[in-house]
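So you can see what is in the structure, the chains are spelled out below.
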Amino acid sequence: MAGQSTYVPATGFTRWLDKRLPILRLAHDTMTTFPTPRNLNVWYTFGGILTFCLGVQIVTGIVLAMHYVPNADLAFDSVDTIMRDVNYGWLIRTVHATGASMFFLAVYLHMFRGLYYGSYKAPREVIWILGVLIYLLMMGTAFFGYVLPWGQMSFWGATVITSLFSALDQIIPHLGTAITTWLWGGFAVGDATLNRFFSLHYLLPFVIAGVVGLHIWALHVPGNNNPLGIDVKGPQDTLSFHPYYTAKDAFYLSLFVILFAGFVFFAPDFFGNPDNSIQANPLVTPPDIVPEWYLLPFYAMLRSVPQKLIGVLVLVGALVTLFFVPWLDTSKVRSCRFRPLMKQFFWLFAADCLMLGYVGSQSADAALNLGGTQLPLVWLARLGTAYFYAFFWLLMPLIGLIEKPKPLPDSIAKPVLGGKGERK
Amino acid sequence: MKIAFFALALGISLGSAAAEDTSVPYPIKDVHWGFEGPIGTYDRGALQRGFQVYKEVCSACHSLNLVGFHDLAAPGGPGFSEAQAKAIAAGYKIIAGPNDKGETTDANGNPLTRPGILADHFPPPFPNEEAARASNGGALPPDLSLIEKARAGGAAYVYSIVTGFGQEPPPGFKVQQGKYYNPYFAGRNISMPPPLTADSVTFSDGTKASVEQEAHDVATFLAWASEPKLEERHRTGLEVMAFLALLAGLLFLTYRKVWKDEH
Amino acid sequence: MTTATEPEPTRRDFLYIATGAVAAVGGAFAAWPFLDQMNPTSAVLALASIEIDISSIQVGQQVVFKWRGHPLFVRRRTSKEIAEARAVALSDLIDPVARNANLPDDAPATDANREYKPEWLVLIGVCTHLGCTPTVSTPQAPQGDYGGWLCHCHGSQYDTAGRIRKGPAPQNLAVPPYSFLSPTKIKVG
C-alpha cells in the first residue's frame, strides 16, 4: 500500500544521495518494507520469476546479437556458428530459445492466477490492462525473434502471419496488400523483412521493461491482492516484502530454474521444430506450418474459420477481449475460492485453452478417430473458440449476478494465524 | 456354421487390415544409441568409422558445409589429433581465390584449388544446387551438417532410411520412374539409390562392415555433426543440476527459517 | 523479525551466509560464459596460425600476407640490404630492443636478432605509432632514407631490418612467432 516512507539513510553518502536521487529510498519502500499480504501462495511468485525471465532474455539476447548476422544469406549460418564455434554459444543460444518458452509458461500461470483470484477487479484494473499489454508485446517479440534464425519455420511462419493483413483487401480494396508490402519491404518475406524484424526484436524487450515498471508501480498503489480476495485491513494482515517474500520468491525461482535447466541441458530441442534446422527456402513449403506452442491456442482460433478475414477478426477479438475483463466480471467477490460456480467454469476455461493448443499443433485437416467415425479437429477448435468467447462475454457477466458466493472470512490474519482458512 | 461365419469374418477383417495406408511412412526403427539419455556420450570408434563411411560413400553426393576440419580434432568429437585433422584437410581440394594474374581457372577451365587447412569447412561435392540436381536426376541431396536435427527421429531416422531399402512394395504401390522404394521415407519414393552394401568400406579398426554397422556408425557421426556439443552439454548439465539442487535446498531452509514464526 | 545486532553469527546467520555464498559462487560460474563468448571463436582460432610458401618470392621482393587480421611482410633481402642492416650501431637505434616474439623480451635489436635467416625478414606490417601499414622501399621506388619502409601517415621511417630510425613511431616493427618448416615454407603463429 502506498504510504509514508520509513527509510532513514544510515551513512553520510546515503544521506547525500537521498537528497539528490532517492533511489535507495525507492528500493527500500518497494522491495524491502513494502507491506505484502501474509497469505500469498506459490502462484504469487510468478511476478518475480517473470522479471528474472525478462532479464535472462535481454542479457542472452544482447550477447547473441554480438554474433548473429541479420542478413537472409548469412543468418542461418551465423546461428550455426554460434552453436558450433562461439565459446558457450550453444549454451547461450539454447538458454535464449528455451527461455522464451519458460517466459510464456510463467506468464500463463501468472495470468491464470490473476483470473482465479480476481486480481483484475477494482481497484486493480490498470494493473491488468498493463499486463495484457505486456502479454501482447511478448507475443510480438517472440514472433519477430522466431524469424531470425531464418529456418523453414521462421520464414513460413512469418509469411503466414504477415499475410493475414491481406485479408483487409476484403474491406478496403488494395489496403491489405499495401500493408503486407509495407511490412515485408518487398513482394514477399525476404532480407528487408528480416532486418526490420531484428531491429524490432531488439527494441520491444525494452518497451516491455518500461511497461513492467508501470505495471509494478500500478500494483504498489493498492498493494497486492491475495488468495482470499479480501482487502488488507491493517498491519496484522501484512508482512514486509523483505525478508519474507524475497526468501519465498528466491526459493520458488530456484525450482523454476531447475526446470529451465532440465530443458536446456537434457532436452534442448523439446520446444523446437525440426523444420527450423532447414534453411529457409521460399520455393518449398513445409507440410505443416506451426508456431511455437505458446501461440497455438490462437492459431487454432485463427484456423477454426475458413474465411481469412473472419479468422483474423476472431483471433484479434480474443486478444482484445482480455482488455475488457475488469468490466465483464460482475461479481462482488474477487477470489474463486469463494465462487463455487465460477471456479468450475474457470477450470473448464483452462482445459479449453489446453485443448485449443493441442488442436493448433495438429495439421489443418487432422481428425480424431472416434471408434470408426472421424471428427475433424476444426470442430473442436470451433467449440473451443466459442467457449473462449462465452467465458468472457457471457459467463463472466452472468455468473456474478446469479452465483451464491461462499461467506468470506473476516480478515486475512485470522485464517492464517488462527484456525486454518479454506484450502484452495 | 457359427465357426465358419466367424472364420470368414476374421479372414475378411485380417485381409482388410493388411491393406496398408502407403501415404504414411513406417514408424522409424526402434534403435538405441549410446549418446541418448542425460549422461550419454559418443562412441569415438563409431564416430571415426562413421566419418569414414561419410567420406567414402556419402560425400560423393552430400555436402557437410557447416563442419570444419578443425572440428574433427575438437573435444567431444571423433577425437582425431590436430596432426591427423590437418592431414585429412590437406587431402581435400578447396576452391582457391584468383592467382596473381587474376585468373580463377586453370588452362582447362577447371577452378584453381589449394589443399585444405584446418580452418576450412568440408567442400561440397557440387559447386551449386543446379549442378547437384543435374547429377542426381533432378533431386537435391540435402546437406548433412544438421540432418539429424532437421528430421523427426534424428539418428534413428537416418538409420532407418539407409537400412530401409530392398523391401518389396505392397501390391498396387507404384514406384516412380528413377526412384526407389523406401517405406521409411515420406511418400515412400526416394531418389537416393541404396547407399550402403556390406563392405562398402573397409574399417581401419577392423570392425566388420555389415550394412547395419555402417548405418549405425554413419548415423552416430551425423549425430555428432548436428550436435558437436552434446557431451559438453551433458557434463555441464549434471554439474548445473547438482549445484541447483544444493542451492534450492539452502533456499528452502532459508525460506522456512524466515517464515518460522509467521505460519 | 528482530534486527538486533549480534556480535557472533548465529546458526540462523550461518544459513543465510551459506546460501548467499553458494548463490554468489553460482552467479560467478553463470557469468563466465557471457564473458568468454566474446573471446575468439574456434573458427577464428583455427586461422591463428598459417603456413606460407615462400618459394616464389624473388630476391629484393616483398610479399604481403594476411595473418590474424594484420598485414604480414615477408621480404627477401638483397646482400646490400643485409650489409646495411648489419652496419648500424645499436646506439644509433631509437628502439634498442629486438621486439622478436621468438626471443626473450630484452634481446637487443641487432640485425641477427631480427630474423632466423639473414635473407628472410618476417615482420608484422603495422606501424608501431598508430597502426597504419608502412610502404616498402625498393631501389626503383625508394621510400624514406633508410631503405626499409616509410609510413605515410606520420612519416615514420624503418631500416632494412624493420627497425624504427626516424619519426614518431616508438618501437621497431614486431617480429611474429614463426618457424621454418622447410626452406620454402614458414609457419607463422
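Before going further, it helps to spend a moment on the overall build of chain B. Assigned secondary structure in chain B consists of seven helices and four strands. When the helices and strands of chain B are listed from N to C terminus, the series reads α-α-α-β-β-α-α-β-β-α-α. Here the C-alpha radius of gyration of chain B, 26 Å, is well above what a compact globule of 263 residues would show, namely 18 Å. With the C-alpha coordinates of chain B rotated into their principal frame, the extents come out at 90 × 75 × 35 Å.

The next point concerns the interface of chain C and chain B. Residue-level contacts link 14 residues of chain C with 13 residues of chain B. Buried surface at the junction of chain C and chain B, both sides included, amounts to about 1,100 Å², of which 77% is carbon and sulfur. On the chain C side of the interface with chain B, the three residues burying the most area are Leu 15, Thr 19 and Val 22 of chain C, jointly 40% of the side's total. Counting across the chain C and chain B interface gives one salt bridge. When the shortest N-O distance is used, the salt bridge between Lys 86 of chain B and Glu 51 of chain C registers 3.4 Å. Applying the counting criterion to the chain C and chain B interface returns two residue pairs in polar contact (both at pLDDT 80 or more). For the side of chain C that touches chain B, the secondary structure elements donating two or more residues are α1 (11-36) and α2 (42-46) of chain C. In terms of residues, the side of chain C that touches chain B owes the most to one element, α1 of chain C, which gives eight residues. Across the side of chain C that touches chain B, the residue classes break down as eight nonpolar, three polar and three charged.

Alignment of strand β3 (residues 367-370) of chain A against strand β4 (residues 373-376) of chain A, held across four bridges, turns out to be antiparallel. Counterpart to Asn 369 of chain A in the pairing with β4 of chain A is Gln 374 of chain A.

A few words now on a nonpolar patch on the surface. There is a patch of nonpolar side chains on the surface, built from Ile 62, Met 66, Tyr 202 and Phe 206 of chain A together with Met 38 of chain C and spanning about 480 Å² of accessible area. The topology assignment puts Phe 206 of chain A in helix α9 (residues 191-220).

Bringing the packing of helix α5 (residues 89-117) of chain A against helix α6 (residues 125-147) of chain A into the picture now. Residue and element names in this part refer to chain A. α6 packs onto α5 with a crossing angle of 160 degrees between their chain directions and a minimal axis gap of 12 Å. Between α5 and α6, the crossing angle belongs to the class labelled roughly antiparallel. Our pair here, α5 against α6, has a crossing hand that is left-handed. Between α5, through Phe 103, Phe 104, Val 107, Tyr 108, Met 111 and Leu 115, and α6, the contact on the second element is made entirely by Trp 128, Tyr 135, Met 138, Met 139 and Ala 142. Across the contact of α5 with α6, the residue classes break down as 11 nonpolar, no polar and no charged.

The next thing to look at is the packing of α5 of chain A against helix α13 (residues 340-361) of chain A. Residue and element names in this part refer to chain A. Between α5 and α13, the least distance of the axes is 10 Å, while the angle of their chain directions is 160 degrees. The orientation of α5 relative to α13 falls into the category roughly antiparallel. For the element pair α5 and α13, the recorded crossing hand is right-handed. Only Lys 343, Phe 346, Trp 347, Phe 349, Ala 350 and Cys 353 of α13 make contact with α5, whose side of the interface consists of Phe 112, Leu 115 and Tyr 116. Among the residues making up the contact of α5 with α13, the classes are represented as eight nonpolar, no polar and one charged.

Residues and elements named next belong to chain C. Here four strands make up an open sheet; going across it, the order is β5-β6-β7-β8 and the pairing antiparallel. At either end of the open sheet lies a strand with only one pairing partner, and these are β5 (135-136) and β8 (164-166). As paired elements, strand β6 (residues 147-150) and strand β7 (residues 157-159) share three bridges and run antiparallel to each other. Looking across to β7, one finds that Gly 147 is bridged to Asp 159.

What follows covers the packing of aromatic side chains. All names here are of chain A. Counting across every chain of the model gives 64 aromatic pairs over all chains. Arranged with centres 5.6 Å apart and planes meeting at 85 degrees, the rings of Trp 150 and Phe 155 form a pair that is edge-to-face. Exposure class is identical for Trp 150 and Phe 155. Each is buried. Both rings, one in Phe 270 and one in Phe 271, keep their centres 5.0 Å apart while their planes meet at 85 degrees; by these two values the pair is edge-to-face. A relative accessible area of 55% places Phe 270 in the exposed class.

Further remarks concern the interface of chain B and chain A. Listed as interface residues are 33 residues of chain B and, on the opposing side, 34 residues of chain A. For the pair chain B and chain A, the summed buried area comes to about 3,000 Å², and 68% of that belongs to carbon and sulfur atoms. In terms of surface lost to chain A, no three residues of chain B exceed Arg 233, Trp 259 and Glu 262 of chain B, which account for 21% of the buried area on that side. Applying the counting rule to chain B against chain A returns two salt bridges. A salt bridge links Glu 262 of chain B to Arg 38 of chain A, with the shortest nitrogen-to-oxygen separation between them at 3.1 Å. Our count for the contact surface shared by chain B and chain A stands at six residue pairs in polar contact (both at pLDDT 80 or more).

Residue and element names in this part refer to chain A. Per the counting criterion, the structure on display carries one disulfide over all chains. The thiol of Cys 336 is unpaired, and the distance to the nearest cysteine sulfur, on Cys 353, comes to 14 Å. Since its relative accessible area comes to 2%, Cys 336 is described here as buried.

Here we come to the side chain of Gln 57 of chain A. Residue and element names in this part refer to chain A. By secondary structure assignment, the location of Gln 57 is in helix α3 (residues 46-64). For Gln 57, a relative accessible area of 12% translates into the label buried. Ignoring sequence-local partners within four residues, the contact set of Gln 57 consists of Val 95, His 96, Gly 99, Ala 100 and Phe 103.

Another aspect to go through is the nonpolar core. Soluble, globular proteins show a tendency: their nonpolar side chains are buried together. In terms of nonpolar packing, the biggest core is built from 127 residues, with Phe 104, Leu 115, Tyr 135, Trp 150, Phe 298, Phe 392 and Met 396 of chain A touching the most fellow members. Ranked by residues supplied to this core, first place goes to α5 of chain A with 15 residues. If sequence neighbours within four positions are ignored, Met 396 of chain A has contacts with Leu 115, Tyr 120, Val 325, Leu 328, Asp 329, Thr 330, Met 342 and Phe 391 of chain A. With 42 residues, the next largest nonpolar core counts Phe 80, Ile 94, Leu 118 and Ala 223 of chain B among its residues.

Residue and element names in this part refer to chain B. The element helix α5 (residues 154-163) is largely enclosed, with a buried count of 10 among its 10 residues. Looking only at α5, the buried set comprises Gly 154, Ala 155, Ala 156, Tyr 157, Val 158, Tyr 159, Ser 160, Ile 161, Val 162 and Thr 163. Looking at the packing, one finds that the buried side of α5 touches β4 (189-190) and α6 (211-226).

Residue and element names in this part refer to chain A. Its location among the elements puts Ile 134 in helix α6. Exposure remark for Ile 134: the relative accessible area of 9% places this residue in the buried category. Residues Ile 134 and Pro 37 lie 97 residues apart in sequence; the distance between their C-alpha atoms is 25 Å. Setting aside chain neighbours within four positions, we find Ile 134 in contact with Ile 208, Val 211, Val 212 and His 215.

Another point: the sheet that holds strand β9 (residues 178-182) of chain C. Residues and elements named next belong to chain C. Pairing is antiparallel in the open sheet, where three strands are placed in the order β1-β10-β9. Each of the sheet's edge strands pairs with one partner strand only, and the pair in question is β1 (50-53) and β9. In this sheet, neighbouring strand axes are inclined to one another by 30 degrees on average, regardless of whether the strands run parallel or antiparallel. Note that β9 and strand β10 (residues 185-188) share four bridges and pair antiparallel.

Residue and element names in this part refer to chain C. Counting buried positions over the seven residues of strand β3 (residues 70-76) gives five, a clear majority of the element. Strand direction decides the pairing type here: strand β2 (residues 62-67) and β3, joined by six bridges, are antiparallel. Note on β3: the bridge partner recorded for Phe 65 is Leu 72. The loop that links β2 with its antiparallel partner β3 comprises two residues; one of these, Arg 68, has a positive phi angle of about 50 degrees. Two strands pair when backbone bridges link them, and β3 and strand β4 (residues 120-124) are joined in this way by five bridges, in the antiparallel orientation. Counted as the bridge partner of Arg 75 is Leu 121 from β4.

The rules we used
Residues numbered from 1 in each chain as written. Chains lettered and ligands numbered in written order. Predicted model: local features only at pLDDT ≥ 70, side-chain atom pairs only at ≥ 80, totals over all residues. Heavy atoms only, no water. Helix = DSSP H or I, 4+ residues; strand = E, 2+ residues; numbered from the N terminus. Rg over C-alpha atoms; globule rule 2.2 N^0.38 Å. Contact = heavy atoms within 4.5 Å. Buried area = accessible area lost by both parts, 1.4 Å probe. Salt bridge = Lys/Arg side-chain N within 4 Å of Asp/Glu carboxyl O. Polar contact = N/O pair within 3.5 Å; in protein donor to acceptor, adjacent residues only side chain to side chain. Nonpolar A, V, L, I, M, F, W, Y, C, P; charged D, E, K, R; others polar. Pairing = 2+ DSSP bridges. Patch = residues over 30% accessible without salt bridge, like charges linked within 9 Å, V, L, I, M, F, W, Y side chains within 5 Å. Areas by Shrake-Rupley, 256 points an atom, 1.4 Å probe, with all protein chains shown as cover. Axes fitted to C-alpha atoms, helices over the stretch in contact; angles between N-to-C directions. Parallel < 35°, antiparallel > 145°, perpendicular 65-115°, else oblique. Left-handed = near helix turned anticlockwise from the far one by under 90°. Phe/Tyr/Trp six-rings, centres within 6.5 Å; stacked < 30°, edge-to-face > 60°. Buried < 20%, exposed > 50% of the residue type's maximum accessible area, 1.4 Å probe, protein only. Disulfide = S-S within 2.5 Å. Core = buried A, V, L, I, M, F, W, Y, C linked by side-chain atoms within 4.5 Å.

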